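Residues per chain are reported as follows:
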Amino acid sequence: GINAEYMGFYSRMEAKKKEDKTVVTSDPKAETSIPKTILLCPCDNGIRTMQKLGRGTTGANKGPEAIFKALKTDIKPIAIPVEEFNTAKNEDTLKAHDVISTYTKTAKRPFLTLGGDHGITYPIIRGLAQQMDGNMGLIYIDAHYDMRPWEPEGLISSGNSFARIINDPAVKIKGENMVAIGVIPGDTEILKFMDAFAKKNGVTVFYQDQVNSATAKGIMEKALKIAGNGTKGIYLSIDMDALDVNKYAPGVSCFVKKGLELPDVITMVSMGEFCGADIVEVSIREKTWTGELDPKGAEKLAATAITATEIIKHIHLKQQKRISSLFTKKKK
């Protein structure tokens, strides 16, 4: 099953780490301290608005609670109150994003955010930018570009988060410091538009078929160099739909036929130190745009949340210990 397979892999990874303790970091001299903040952001209105255009499956609002439960930590999270804005109304997406930015501009950093749809990355970074002294770099792992143009009637969806980041100078992220990993290209007009938009703005894209066990380390080394060039910190965003749906991530908002391997994703995220991170699109797959329900949604949500936890445990936040230290409970 899903859990047995990744748990066996995780045991092998732990054994390997004892043999090879080399870690590539963005700041080798950074001091370490206990983790600061976990934010829960149950916003999936970007998907709900996108359903008006015949795309998307709701249920990512259940992701934060599921992931946090799977973490089994004593750390008390901060819940961002955005559930009331999951209405499929565009104005409520804007309101939710304003609330998110209000929290992230004051949250003790570095912080980890559990989402939610991928539209939340824009307001997270918009708020974080107000705390950062200088430009940030951005690395995101995703099967999709999420650089859609503004939708008809100005709809803001989960699919244009990174276009908003590039187009907002207040966010302090330049295209030449942005790297997308795991994207699946295509011949449709919208995919060709987003690929051209990325290239025009200097975004580096590593496509899904370029990432494997032989290339993952080299790709992330390049990504860290690009995102860290002249910046004061690197932000990491992980969309769980980038992973293989059959092996690791059946509970996501928009799965693809074949995704990345979990070992390769863990290899990549463990190589850097980040000023903040989010993990998004873990979903109970509540309802498609046609009204279909997934009878195994709860099971898929739980399995994908566990996979997300395994990834989280390998993320390093700047001036912090490995996030796995979050999950070591004190003996009473």
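Look up: the structure comes first, before these words.
Owing to the predicted nature of the structure, the values given are computational and were not obtained by experimental measurement.

Some details on the overall build of the chain
Consideration 1: In terms of helices and strands, the chain carries ten helices and ten strands.
Consideration 2: Here the chain holds 332 residues, and 57% of them are scored as buried.
Consideration 3: Long-range contacts, defined as pairs at least 24 residues apart, comprise 78% of the intrachain contacts of the chain with a sequence gap of at least 6.

Some details on the nonpolar core
Consideration 1: Within the largest apolar cluster, 48 residues are counted, with the highest numbers of intra-cluster contacts made by Leu-114, Ile-139 and Ile-181.
Consideration 2: Per element, the largest residue contribution to this core is six residues, and it comes from helix α8 (residues 216-228).
Consideration 3: Those residues in contact with Ile-139, other than ones at most four positions away along the chain, are Val-179, Ile-181, Met-220, Ala-223, Leu-224, Ala-227, Ile-234, Tyr-235, Leu-236, Ser-237 and Phe-274.
Consideration 4: Core analysis: the next-biggest nonpolar cluster, separate from the first, contains 40 residues, Met-136, Ile-166, Met-178 and Tyr-207 among them.

With respect to the pattern of salt bridges
Consideration 1: Tallied over the entire structure, the rule returns twelve salt bridges.
Consideration 2: We note a salt bridge from Lys-247 to Glu-261, for which the minimum N-O separation is 3.1 Å. Highlighted residues: Lys-247 in the loop between β8 (234-239) and α9 (262-269) and Glu-261 in the loop between β8 and α9, separated in sequence by 14 residues.
Consideration 3: Overall, Lys-247 belongs to the partly exposed group, its relative accessible area being 28%.
Consideration 4: With its nearest N and O atoms 3.3 Å apart, the salt bridge here joins Asp-294 to Arg-285.
Consideration 5: Residues joined by salt bridges that share partners form a network here, namely Asp-244, Lys-247, Lys-258 and Glu-261.

Observations concerning the environment of Lys-217
Consideration 1: Structurally, Lys-217 can be placed in helix α8.
Consideration 2: Assessed through its relative accessible area of 44%, Lys-217 is described here as partly exposed.
Consideration 3: Taking the C-alpha atoms as reference points, Lys-217 and Val-269, separated by 52 residues in sequence, lie 9.6 Å from one another.
Consideration 4: Non-local contacts of Lys-217, meaning those with residues more than four positions away in its chain, are made with Thr-267 and Met-271.

Section: the side chain of Ser-157
Consideration 1: Relative to the elements of secondary structure, Ser-157 occurs in the loop between β5 (136-141) and α6 (161-167).
Consideration 2: Within the structure, Ser-157 has its side chain in polar contact with the backbone nitrogen of Gly-159 (distance 3.0 Å).
Consideration 3: Excluding residues within four positions of it along the chain, Ser-157 makes contact with Gly-46, Thr-49, Met-50 and Glu-151.

Quick notes on α9
Consideration 1: Across the eight residues of α9, six count as buried, placing the element largely inside the fold.
Consideration 2: Taken as a whole, α9 has its buried residues at Leu-262, Asp-264, Val-265, Ile-266, Met-268 and Val-269.

Regarding the packing of helix α3 (residues 63-71) against helix α10 (residues 297-312)
Consideration 1: In contact at an axis separation of 8 Å, α3 and α10 are set at 60° when each is read in the N-to-C sense. Taken together, the axes of α3 and α10 are oblique relative to one another. Viewed along their axes, α3 and α10 form a crossing whose handedness is right-handed. In contact with Gly-63, Ala-66, Ile-67, Ala-70 and Leu-71 of α3, α10 contributes Leu-301, Ala-305, Ile-306, Ala-308, Thr-309 and Ile-312.
Consideration 2: In terms of residue class, the contact of α3 with α10 is built from nine nonpolar, two polar and no charged.

Topic: the packing of aromatic side chains
Consideration 1: In this structure the tally under the stated criterion is two aromatic pairs.
Consideration 2: Ring centres 6.4 Å apart and planes at 20° place the aromatic pair Phe-193 and Phe-197 in the stacked group. Within this pair, Phe-193 and its partner Phe-197 are both found in helix α7 (residues 189-200), separated by four residues, close to a single helical turn.
Consideration 3: With a relative accessible area of 15%, Phe-197 lands in the buried category.

Quick notes on the sheet that holds strand β3 (residues 78-79)
Consideration 1: Taking strand neighbours across the sheet as the criterion, the eight strands line up as β3-β1-β4-β9-β8-β5-β6-β7 in an open arrangement whose pairing is parallel. Looking at strand neighbours, the two that pair on one side only are β3 and β7 (204-207), the edges of this open sheet.
Consideration 2: As paired elements, β5 and strand β6 (residues 173-183) share five bridges and run parallel to each other. Note on β6: the bridge partner recorded for Met-136 is Ile-173.

Analysis parameters
- Residues numbered from 1 in each chain as written.
- Predicted model: local features only at pLDDT ≥ 70, side-chain atom pairs only at ≥ 80, totals over all residues.
- Heavy atoms only, no water.
- Helix = DSSP H or I, 4+ residues; strand = E, 2+ residues; numbered from the N terminus.
- Buried < 20%, exposed > 50% of the residue type's maximum accessible area, 1.4 Å probe, protein only.
- Contact = heavy atoms within 4.5 Å.
- Core = buried A, V, L, I, M, F, W, Y, C linked by side-chain atoms within 4.5 Å.
- Salt bridge = Lys/Arg side-chain N within 4 Å of Asp/Glu carboxyl O.
- Polar contact = N/O pair within 3.5 Å; in protein donor to acceptor, adjacent residues only side chain to side chain.
- Axes fitted to C-alpha atoms, helices over the stretch in contact; angles between N-to-C directions.
- Parallel < 35°, antiparallel > 145°, perpendicular 65-115°, else oblique.
- Left-handed = near helix turned anticlockwise from the far one by under 90°.
- Nonpolar A, V, L, I, M, F, W, Y, C, P; charged D, E, K, R; others polar.
- Phe/Tyr/Trp six-rings, centres within 6.5 Å; stacked < 30°, edge-to-face > 60°.
- Pairing = 2+ DSSP bridges.

This is a description of form; function is not addressed.
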